[in-house]
Amino acid sequence: MAKDNKDEGKDVKIKVKRDGKVSARIVDLSKGIFDTIIKKDHPQIETPIRALSNVSYDPKSGYFVLQDTTKTRTLTVNTVKTFAQTLRMLALSKNLVDTDDIATKREAYYVSKNWGEARFHEQPESDTVMDDIEAMFMVNREQLGFLPEEKGGDVAGQLIVVDKDPETGKEVKIDCTKMGTGAYSVPSSVEELKFETKAKFILAIETAGMYQRLVKHFYWKKANCILISMGGVPTRACRRFIRRLSDDKKLPVFVFTDGDPYGWLNIYRTLKVGSGNAAHINQYFCVPQAKFIGITAQDIIKYDLPTHPLKEIDIKRVKDGIKNDPFIQQSPQWQKALNDLVKMKKRAEQQALAKHGLNYVITTYLPDKMADPKSWLP
Amino acid sequence: MAKDAKENKETLTTADRLAEKQRDIGVAEFFARNRHLLGFDNKRKALLMTVKEAVDNALDACEEAVILPEISVELIDMQNDRFRVIVEDNGPGIVKKQVPNIFAKLLYGSKFHTFKQARGQQGIGISAAALYGQLTTGRPIKILTKIGPDKPAYYCELHIDTKNNKPEIIREEEKEWKKEHGTRLELDIEATYQKGPQSVDQYLKETAIVNPHVTVIYTTPKAEQFVFPRATDQLPKEPKEIKPHPYGIELGVMMKMVKWTECRTLQAFLTQEFSRVGSGTAKELCEKAALPPNTKPADMTPQMIERLVEAIKNTKLISPPTDCISPITSELIERGLKKEIKAEFFCSITRPPAVYRGNPFVIEAAIAYGGELPGDRPSEVLRFANRVPLMYQQGACAINEAVIDTNWRPYGLNQSQGSVPQGPVIILVHLASVWAPFTSEAKEAIAHYPEIIKEMKLALQECGRLLGSYVNKKKRVQSEFKKRSYIEKYLPHIGGALKEILALNDTQERKVIESLKDVLETSRHAIELDSVEGAGEDGFGLEFEEEKTDEGEE
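Source: prediction; values computed, not measured.

1. Section: the overall build of chain A
From N to C terminus, chain A includes 13 helices and 18 strands. Put simply, of all contacts in chain A between residues at least 6 apart along the chain, 73% involve residues at least 24 apart. Accessible area of chain A: about 16,900 Å², with a carbon and sulfur share of 51%.

Structure (structure tokens):
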């Protein structure tokens, strides 16, 4: 019945430019909305859906590519609040970009407290609006002037990071071999960094505990590599850091995680091909050249590792991955690995290697793995 | 054993000894020991039961005499858990001869043998209260009654002889009373007074709801006075006395009827003592029972009577007449509710008459919703049988079962499995019948006849539908208001943000807000389709009807 009444104003799709300067694109979009409103029509904005269901794995580029399912938000009574918040957020972003300033996601959430009724009640609400804007413009949040709080990851090894002093703008060289027992911490924005290194590879590690062990016994010196602790699922900055370092210096990347579905599907998969939620920017935030040298079902048998039973949630994760994850779907090797684990109904942590001696991982496991490319997973 | 037997020859047998102890138990004596059977189980309940019996009798008397009832109830705290109950009515009065029997003889009354809708039935009520008073305080019941303007009033004080179930007149005299006619009783009992559910206060309030033609003036033991004024001058339709319908007659009752009847033939007995039995039907019954129609009832053997009862079961009979029932009528129930309960929505239903075991009955239901009723608790269920509030044993009552079995969720109320609905709602159910089936003599809960429960559920569902359409309309209106305030709240932010990004001037900003307001408010019905996608996300998926729902909020 709604569509019978033509004089009530029509829905007008506002085009969002996908190139050019962010600030100009915000103005362009707003102009479109403004004109539509003045004509008493309903502005409509289209954003890609950011979910695993809307990505495909592109074997050529090696990461998740966003597909073209979109959601359309029309300005109506129902959406007026989100619409107001999105516009407010766009205004904030434009302001940040124009003045060359930054705001963390948390700060952006607090800025909204000035917006009266349109304020966000919890940070996840503002994060969602921010992610939608990112996807709308196909940019990453740093380009909008927003920064995450999350830490990028710890780095140690044969690497000199060339950064700029925030005060003077002069070059600063950070030698990651000279961090003592501490580490170099990946900043939230890594685009401007330069690298100097003679290392032969990068080793990305799931847990801080394992990383500490390798640093303590200067594995990086023995193996001539760069150690990076991801601390669970790698942040965007961490992924971008590894990617840039690897691309710049042509270094292979190895990933060492626990032998469980979380380590494989969440940590390794996200590092290698990106995530569904950030599908619009996976292009930059993934490391397609990464190889997996973490614990597998075969390793559990081969090294006779102590195990834990697979939990319900682990099995569900595997089923879900095989059914819905485009990366797993195209990889028979990963499917086999996952199925083997489910058949064993067991999982093993990296630190389980300590059963054979605390430094067994350094003396035996890693050298074994590195020497046998057939034991790697893609 | 053998030895015992020998001894028994010389002395009395055990049975003989027992026989010495066996004798009649007086009705009054029996009830004196088993007061809980009549509802006098505790002090608090005793006060309620006494008031209830007195008021029920007064109302029945007034209505029978076609007098608009005006009843005054006064409770006086005599200290040490003693209360004086004084109930006065403007009824027709009682002739002197009958006074002692009515107030001081159990199982005496005009209603037990008749087949007619009335509040009291067994004739136990008020004399049981008198007995209870006598047992707990030793004081007699005092009666003052007057039957006409030019007659003197009669005063007496009565005791019950519990062994013989006979009244004893302690004092009597003629007195001056300026009332034209009426009865006043005064009774001291052991009791406690409390407010709240199951209190005298609540009972009188509920009585006022289902008897909107009654004025009650009530003085509490704390000397507060409440007046429940009548809401109509229309007396309830006088219920007609009917003859029993054959379907409701059990073997034992049939035997008594056969014994007492004055009819000389079975044919005449069947047509004259029962309703809905014509000569054709009587013949059919006789045939099925293999009895000649001219059998003398007095000569019938128990086997013959059994055959007759069997024949009745297997014969299709017309349902009993239903004009013998006097429902309150939905209009008057609603009026009664409105005057005593502060709610925003009322509805009520009177079902057509139905029959259980040969007894005609009518179910009425009503609902009060919203307003000052508290919303976060189980709904209150007001139960009535023949205009009398049922205050105890809700869980055992057929009304409760019907309320629980009804699915209230479609009508906009919350309800968990196996319980009454939640919400700001009062549910009222009234059963009117010539013979209301109770689970016990205390008349606290209606028995679970499937026919009765089915009618109750139908009545509740009808009310529920009316409630549902109101509640849903109210919800729509509320969300409409919410939407409107939504627009008011967020439009300035769209204007403000666009102003900031595009460096608009104030006029342009105002134009944006005005245009948006126009678009969003005038094309409300467009929302329905447009919001399908956005709705779920924003948690605001309510649909709207095309019309603007202005009515409904009264």
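2. Digging into the overall build of chain B
Regarding its fold elements, chain B presents 16 helices and 14 strands. For chain B, with 554 residues in total, the buried portion stands at 51%. Restricting to contacts in chain B with at least 6 residues of sequence separation, those with at least 24 account for 70%. Surface accessibility of chain B: about 26,400 Å² in total, with carbon and sulfur atoms responsible for 50%.

3. Section: the confidence of the model for chain B
All names here are of chain B. On average, residues of chain B score 83 in pLDDT, and 88% of them reach the 70 mark or higher. The low-confidence segment residues 525-554 (pLDDT under 50) makes 50 contacts with residues lying over four places distant or belonging to another chain. Confidence metrics for the complex model read pTM 0.57 and ipTM 0.72.

4. Quick notes on the environment of Arg213(A)
All names here are of chain A. Position of arginine 213 relative to the elements: it lies in helix H5 (residues 208-216). Residue classification places arginine 213 among the partly exposed residues on the basis of a relative accessible area of 23%. Setting aside chain neighbours within four positions, we find arginine 213 in contact with Leu358, Asn359, Val361 and Ile362.

5. So, the packing of aromatic side chains
Residue and element names in this part refer to chain B. Applying the stated criterion to the full structure yields 23 aromatic pairs over all chains. Here the aromatic rings of tyrosine 356 and tyrosine 449 are separated by 4.7 Å at their centres, their planes lie at 40°, and the arrangement is tilted. In this pair, tyrosine 356 is assigned in strand S10 (residues 354-356) and tyrosine 449 in the loop between strand S14 (425-433) and helix H14 (450-502), connecting sequence segments 93 residues apart. The class of tyrosine 356 is buried, set by a relative accessible area of 1%.

6. Comments concerning the sheet that holds strand S1 (residues 11-13) of chain A
Residue and element names in this part refer to chain A. Ordered by their spatial adjacency, three strands build an open sheet running S1-S2-S5, and the pairing between neighbours is mixed. Both edges of this open sheet fall to S1 and strand S5 (70-74), since each of them pairs with a single strand only. Strand after strand, the sheet turns through a mean of 30° between neighbouring axes, direction not considered. Where S1 and strand S2 (residues 42-48) come together, three bridges link them in parallel fashion. Residue pairing for S2: lysine 13 is matched across the bridge by glutamine 44. Relative to S5, helix H2 (residues 80-98) is tilted by about 100°, and along the sheet it contacts S2 and S5. Against the sheet, helix H4 (residues 123-137) contacts S2 and S5, and its axis sits at roughly 85° relative to S2.

7. A look at the sheet that holds strand S10 (residues 171-175) of chain A
Hydrogen bonds between backbone groups are what pair the strands of a sheet, and the pairing can be parallel or antiparallel. All names here are of chain A. The antiparallel open sheet is built from three strands, whose spatial order is S10-S9-S12. Strand pairing shows two members of the sheet lacking a second neighbour, S10 and strand S12 (194-196), which therefore form its edges. Each neighbouring strand pair of the sheet contributes to a mean axis angle of 30°, computed without reference to strand direction. Inspection of the sheet shows strand S9 (residues 160-164) paired to S12 by three bridges, in the antiparallel sense. In the strand pairing of S12, isoleucine 160 is matched with glutamate 196. Against the sheet, helix H7 (residues 236-249) engages S9 and S12, with an angle of about 55° to S12.

8. Some thoughts on empty space enclosed by the protein
Residues and elements named next belong to chain A. Evaluation of the coordinates by the stated rule reveals seven cavities of 30 Å³ or more. A volume near 120 Å³ is recorded for the largest cavity. Considering the residues around the largest cavity, the lining is formed by Ile45, Thr47, Lys71, Arg73, Thr82, Phe83, Thr86, Val129, Asp132 and Met136. Elements with a minimum of two residues in the lining of the largest cavity: S2, S5, H2 and H4. Its residues assigned to classes, the lining of the largest cavity comprises four nonpolar, three polar and three charged.

9. Thoughts on the nonpolar core
Residues Leu203(A), Leu214(A), Tyr219(A), Leu227(A), Phe241(A) and Phe256(A) are the most contacted members of the largest nonpolar core, which totals 78 residues. Each of domain 1 (10-147) and domain 2 (154-375) of chain A gives at least three residues to this core. Among residues more than four places away in sequence, those in contact with Phe241(A) are Val155(A), Leu159(A), Val161(A), Tyr184(A), Val186(A), Val190(A), Leu193(A), Phe195(A) and Ile228(A). Counting 50 residues, the second largest nonpolar core, distinct from the first, contains Leu48(B), Phe103(B), Leu106(B) and Tyr218(B).

10. A short note on the environment of Ser93(A)
Residue and element names in this part refer to chain A. Here serine 93 lies in helix H2. The class for serine 93 is buried, based on a relative accessible area of 0%. Along the chain, serine 93 and isoleucine 133 lie 40 residues apart, while their C-alpha atoms are 9.8 Å from each other.

11. Looking at the pairing of S9(A)
All names here are of chain A. Inspection of the sheet shows S9 paired to S10 by five bridges, in the antiparallel sense. If you follow valine 161 over to S10, its bridge partner there is isoleucine 174. Between S9 and S10, which pair antiparallel in sequence order, lie six residues; one of them, glycine 169, sits at a positive phi of approximately 80°.

12. Some words on a negative patch on the surface
A cluster of acidic residues, Asp100(A), Asp101(A), Glu107(A), Glu149(A) and Glu150(A), forms a negative patch at the surface. Tracing the sequence through the fold places Glu150(A) in the loop between strand S7 (146-147) and strand S8 (154-157).

13. Considering the confidence of the model for chain A
Residues at a pLDDT of 70 or more form 97% of chain A, whose mean pLDDT is 85. Low pLDDT, under 50, characterises residues 1-7 of chain A; the stretch is placed with 11 contacts to residues that sit more than four places away or in other chains.

14. A few points about the pattern of salt bridges
As enumerated under the stated definition, the model contains 51 salt bridges over all chains in all. Here Lys336(A) ties to Asp340(A) by a salt bridge, and the two come within 3.0 Å at their closest N and O atoms. Here Asp340(A) and Lys336(A) lie together in helix H12 (residues 332-344), a separation of four residues that amounts to about one turn. Of the residues examined, Asp340(A) reaches a relative accessible area of 15% and is grouped as buried. Measuring nitrogen to oxygen at the nearest pair gives 4.0 Å for the salt bridge that ties Glu349(A) to Arg347(A). A single salt-bridge network, built from bridges that share partners, covers Arg84(B), Glu88(B), Arg139(B), Lys142(B), Lys179(B), Arg184(B), Glu186(B) and Asp188(B).

15. Regarding the side chain of Lys146(B)
Residues and elements named next belong to chain B. Following the sequence through the fold, lysine 146 ends up in strand S3 (residues 141-146). In this structure lysine 146 is buried but unpaired, with glutamate 176 as the nearest side chain of opposite charge at 6.1 Å. For lysine 146, the side chain forms a polar contact with the main-chain oxygen of lysine 179, separated by 2.7 Å. Ignoring sequence-local partners within four residues, the contact set of lysine 146 consists of Pro92, Gly93, Lys151, Pro152, Ala153, Trp177, Lys178, Lys179, Glu180, His181 and Gly182.

16. Looking at the packing of helix H8 (residues 261-273) of chain A against H12(A)
All names here are of chain A. The interhelical angle for the contact between H8 and H12, taken along N-to-C directions, is 150°, at an axis separation of 10 Å. With respect to H12, the axis of H8 lies roughly antiparallel. Residue-level contacts link Pro261, Trp264, Leu265 and Tyr268 of H8 to Trp334, Ala337, Leu338 and Leu341 of H12. A class-by-class count of the residues in the contact of H8 with H12 yields eight nonpolar, no polar and no charged.

About the thresholds
- The written sequence of each chain sets the order in which its residues are numbered from 1.
- As a convention, the first chain written is A and the first ligand written is 1, with the rest following in written order.
- Residues qualify for local features only when their pLDDT is at least 70, as the model is predicted, and side-chain atom pairs are given and counted only at 80 or more; totals for whole chains, interfaces and linings, by contrast, use all residues.
- Derived side-chain values reflect all non-hydrogen atoms in the structure, with water molecules and hydrogen atoms excluded from consideration.
- Strands here are runs of E lasting at least two residues and helices are runs of H or I lasting at least four, both read from the DSSP assignment and numbered beginning at the N terminus.
- By definition, residues are in contact when any of their heavy atoms lie within 4.5 Å.
- Method for areas: the Shrake-Rupley scheme with a 1.4 Å probe, in which residue coverage is limited to the protein chains shown.
- Exposed residues in this analysis have more than 50% of their type's maximum accessible area, buried residues have under 20%, and partly exposed residues fall in between, with area computed by a 1.4 Å probe over protein chains only.
- Confidence of the predictor at the level of single residues is given by pLDDT, which spans 0 to 100.
- Here a pair means two rings of Phe, Tyr or Trp (six-membered ring of Trp) with centres within 6.5 Å. Their orientation is stacked below 30 degrees between planes, edge-to-face above 60, and tilted elsewhere.
- For two strands to be treated as a pair, DSSP must find no fewer than two bridges joining them.
- Where helices are involved, their axes are fitted lines through C-alpha atoms of the stretch in contact, as for all axes, and angles between N-to-C directions lie from 0 to 180°.
- Method remark: on a 1 Å grid restricted to protein atoms, a set of points is classed as a cavity if a 1.4 Å probe fits but cannot get out and as a pocket if it is open with protein on both sides within 12 Å along at least five of seven lines; lining residues have an atom within 4 Å of a point.
- Grid points are joined across faces, edges and corners, and a volume is the space filled by probe spheres set on the points.
- For this scheme, ten residues count as nonpolar: Ala, Val, Leu, Ile, Met, Phe, Trp, Tyr, Cys and Pro. Four count as charged, namely Asp, Glu, Lys and Arg, and the remainder, Gly too, count as polar.
- In this text, buried Ala, Val, Leu, Ile, Met, Phe, Trp, Tyr and Cys residues form a nonpolar core when linked through side-chain atoms within 4.5 Å.
- Throughout, the edges of the domains are those of an automatic or database domain assignment.
- Put simply, a patch holds well-exposed residues, over 30% relative accessible area, that have no salt bridge, with like charges counted together within 9 Å and Val, Leu, Ile, Met, Phe, Trp or Tyr side chains within 5 Å.
- For salt bridges, the criterion is a side-chain nitrogen of Lys or Arg within 4 Å of an Asp or Glu carboxyl oxygen.
- Positive charge is attributed to Lys and Arg, negative charge to Asp and Glu, and no charge count is given to His or to the chain ends.
- Every charge is mapped to an atom, namely NZ of Lys, CZ of Arg, CG of Asp or CD of Glu.
- Any N or O atom pair separated by 3.5 Å or less is treated as a polar contact, with the protein-specific requirement of one donor-capable and one acceptor-capable atom, and with residues adjacent in sequence counted only for side-chain atom pairs.
- For classification purposes, angles smaller than 35 degrees are called roughly parallel, those larger than 145 roughly antiparallel, those between 65 and 115 roughly perpendicular, and all remaining angles oblique.

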